[in-house]
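# An overview of the molecular structure
This is what each chain is made of:
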Amino acid sequence: MESSKSLNECKCRLAMGRKFVVGGNWKMNGTKQQINEILSFLKAGPLNPDTEVIVGVPAVYLDYVKTNSPANVEVAAQNCYKADKGAFTGELSPIMLKDIGVNWVILGHSERRQIFGESDELIAEKVAFALSNGLKVIACIGETLQEREAGKTEEVVFRQTQAIANKVKDWSNVVIAYEPVWAIGTGKTATPQQAQEVHKALREWIGKNISQDVANSIRIQYGGSVTGTNCKELGSQADIDGFLVGGASLKPEFVTIVNARQ
Ligand code: PGA
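These remarks concern the structure in this document.

About the criteria used
- For every chain, the first residue of the written sequence is number 1, and numbering continues from 1 onward in sequence order.
- Owing to the predicted nature of the model, reporting of local features is limited to residues with pLDDT of at least 70; listing and counting of side-chain atom pairs is limited to 80 or more, with chain, interface and lining totals taken over all residues.
- Water and hydrogen atoms play no part in the side-chain values, which are based on all heavy atoms of the structure.
- Pairing between two strands requires that DSSP report at least two bridges joining them.
- Only DSSP runs of H or I with at least four residues qualify as helices, and only runs of E with at least two residues qualify as strands; both kinds are numbered from the N terminus onward.
- Angles run from 0 to 180 degrees between N-to-C directions of axes, and those axes are lines fitted to C-alpha atoms, restricted for helices to the stretch in contact.
- For this analysis, a salt bridge means a side-chain nitrogen from Lys or Arg found within 4 Å of a carboxyl oxygen belonging to Asp or Glu.
- Exposed residues in this analysis have more than 50% of their type's maximum accessible area, buried residues have under 20%, and partly exposed residues fall in between, with area computed by a 1.4 Å probe over protein chains only.

## Re the sheet that holds strand S2 (residues 51-56)
- With parallel pairing, eight strands are arranged side by side around a closed barrel as S1-S2-S3-S4-S5-S6-S7-S8. Across the sheet, the axes of successive neighbouring strands diverge by a mean angle of 25°, strand direction being ignored.
- Sheet analysis places strand S1 (residues 20-25) next to S2, joined by six bridges and oriented parallel. Pairing of asparagine 25 across the sheet is with glycine 56, part of S2.

Listed below in structure tokens is the structure:
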């Protein structure tokens, strides 16, 4: 019963054309030696060909990973600025990423928001600029524990998405990552029901406030303590179209997560 329900949900998503998409966010981790180990398990896979796989790599290793990763794994930067060049010490531009063949960028991660003080407005500008330069974007949103406990989860994720919607008209190259901040790196995963509830509410909000076409087609990843053990049940929820994975993306277990829908 359960499995035929999830089979029907999968069929429904396929009908909507939403390809499952799993990102690995390495954050500020990895040396060349560790990266070679990660590349080995990615090459060995096997990775489900029906899943799009992207790894978010520290800037200094982007070129190396781009050159050495298997063809079925895309490479993403973890941040980039909203200008093509200039006096912005320490920043990266979308032009530079495209120049070395990187097609993806993760923007608005909660660590960028919380540790580096990035505002909704700045993130929205970065998303718009990256898209206009031909990058695909994983745009992260999510509430803190305090916000969840105050009953503000939807208000926060809608506000964060609205900020992007104010600047972005074409959503075809955007993946949204819903990552409750309290679940990131804490081992405290949202239950499949908690995650599905937010994903569904967000998709409905997008249908009303952006367009029904975008709501049907946009992929919404879940992120926050995804593991090889919890990925199958999370991945079978109707509105969860993939994952953004931190800690577990550094381990061979990432292959299991990529294959969650198999
Ligand atoms: P985590 O991180 O999987 O280690 O919780 C997720 C993320 O920050 O993208």
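After that view, the rundown keeps rolling.
## A short note on the pattern of salt bridges
- Within the structure shown, the criterion is met by 13 salt bridges.
- With a closest N to O distance of 2.7 Å, arginine 219 and glutamate 52 form a salt bridge. Taken together, the residues arginine 219 in strand S7 (residues 219-223) and glutamate 52 in strand S2 connect sequence positions 167 residues apart.
- Residue classification places arginine 219 among the buried residues on the basis of a relative accessible area of 14%.
- In this structure, the salt-bridge partner of glutamate 125 is lysine 82, at a minimum N-O distance of 2.8 Å. Separated by 43 residues along the polypeptide, glutamate 125 in helix H6 (residues 120-132) and lysine 82 in the loop between strand S3 (73-77) and helix H4 (94-99) bring together distant segments of the chain.
- With relative accessibility at 31%, the residue lysine 82 sits in the partly exposed group.
- When salt bridges that share partners are traced, they join Arg18, Arg203, Asp239 and Asp241 into one network.

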